Amino acid sequence: QVQLVESGGGLVQAGGSLRLSCSASGSIFSINRMGWYRQAPGKQRGLVATITSGGSTNYADSVKGRFTISRDNGKNTIYLQMNSLKPEDTAVYYCNADVRTSIFSRTNSWGQGTQVTVSS
């Protein structure tokens, strides 16, 4: 069993910044890729950014240059620094992790989501 707990969402004005955190706990042998996804009302959940255990990152085109994903492997935690926020960034942000629970077992886990609202 793996749990992901997100924090850091909230209400911010356009142009402002927020920092999201996601910590993984439970039966963790190792974690490969972790990332952030978001879902706005009436839209499908989509990629925001991912980061591997080695630090390789991938971003959605819409957030490149504004968002930065980082990771603390020792704490099984990732962060998403969001700058120059726009109203279209408003969504529920979900943390995702690809976790090995043992040498032989692997699971993909989601957090409960944290709301980010950007006012114009």
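Attention here is on the structure that accompanies the text.

What counts, and where the lines are drawn
Residues numbered from 1 in each chain as written. Predicted model: local features only at pLDDT ≥ 70, side-chain atom pairs only at ≥ 80, totals over all residues. Heavy atoms only, no water. Buried < 20%, exposed > 50% of the residue type's maximum accessible area, 1.4 Å probe, protein only. Helix = DSSP H or I, 4+ residues; strand = E, 2+ residues; numbered from the N terminus. Pairing = 2+ DSSP bridges. Core = buried A, V, L, I, M, F, W, Y, C linked by side-chain atoms within 4.5 Å. Contact = heavy atoms within 4.5 Å. Disulfide = S-S within 2.5 Å. Phe/Tyr/Trp six-rings, centres within 6.5 Å; stacked < 30°, edge-to-face > 60°. Salt bridge = Lys/Arg side-chain N within 4 Å of Asp/Glu carboxyl O.

### What about unusual backbone geometry?
Backbone geometry at N76 places phi at a positive 50 degrees, although glycine is not the residue there. By relative accessible area, N76 is classed as partly exposed at 24%. The residue S84 is not glycine, and still its phi comes out positive at about 50 degrees. Position of S84 relative to the elements: it lies in the loop between strand 8 (77-82) and strand 9 (91-100). Judged by its relative accessible area of 40%, S84 falls in the partly exposed class.

### A short note on the pairing of strand 11 (residues 114-119)
A one-sided burial pattern is seen for strand 11, the buried positions being T114, V116 and V118 and the unburied ones Q115, T117 and S119. Taken together, the four bridges between strand 2 (residues 10-13) and strand 11 define a ladder with parallel strand orientation. Bridge assignment links V12 to a residue of strand 11, and that residue is V118. Alignment of strand 9 against strand 11, held across three bridges, turns out to be antiparallel. Note that in strand 11 the partner of V92 across the bridge is Q115.

### Some remarks on the nonpolar core
In terms of nonpolar packing, the biggest core is built from 29 residues, with W36, L80, M82 and Y93 touching the most fellow members. Listing elements by their share of this core, those giving two or more residues are strand 1 (2-7), strand 3 (18-26), strand 4 (30-39), strand 5 (46-51), strand 7 (67-72), strand 8, strand 9 and strand 11. Element by element, the count of residues in this core is highest for strand 9, at five residues. Contact partners of L80, with chain neighbours within four places excluded, come to L18, R19, L20, W36, V48, A49, F67, T68, I69 and Y93.

### Comments concerning the state of the cysteines
Counting across every chain of the model gives one disulfide. Note on cysteine connectivity: C22 is disulfide-linked to C95, with sulfurs 2.0 Å apart. The sign of the S-S torsion, about -80 degrees, decides the handedness of the disulfide formed by C22 and C95: left-handed. In this pair, C22 is assigned in strand 3 and C95 in strand 9, connecting sequence segments 73 residues apart. We classify C22 as buried; its relative accessible area is 0%.

### Describing the packing of aromatic side chains
Within the structure shown, the criterion is met by one aromatic pair. Ring geometry for Y37 and W110: centres 5.2 Å apart, planes at 65 degrees, overall edge-to-face. Of this pair, Y37 sits in strand 4 while W110 sits in strand 10 (residues 106-110), and the two are 73 residues apart along the sequence. Residue classification places W110 among the partly exposed positions, given a relative accessible area of 39%.

### A word on the pattern of salt bridges
Scanning the entire structure with this criterion turns up four salt bridges. Notably, a salt bridge pairs D89 with R38, separated by 2.9 Å at the nearest N-O pair. On the criterion of sequence distance, the pair formed by D89 in the loop between strand 8 and strand 9 and R38 in strand 4 is long-range, its members being 51 residues apart. You can call D89 buried: its relative accessible area is 1%. Between D98 and R106 there is a salt bridge, with the nearest N and O atoms lying 2.6 Å from each other. For D98, a relative accessible area of 12% translates into the label buried.

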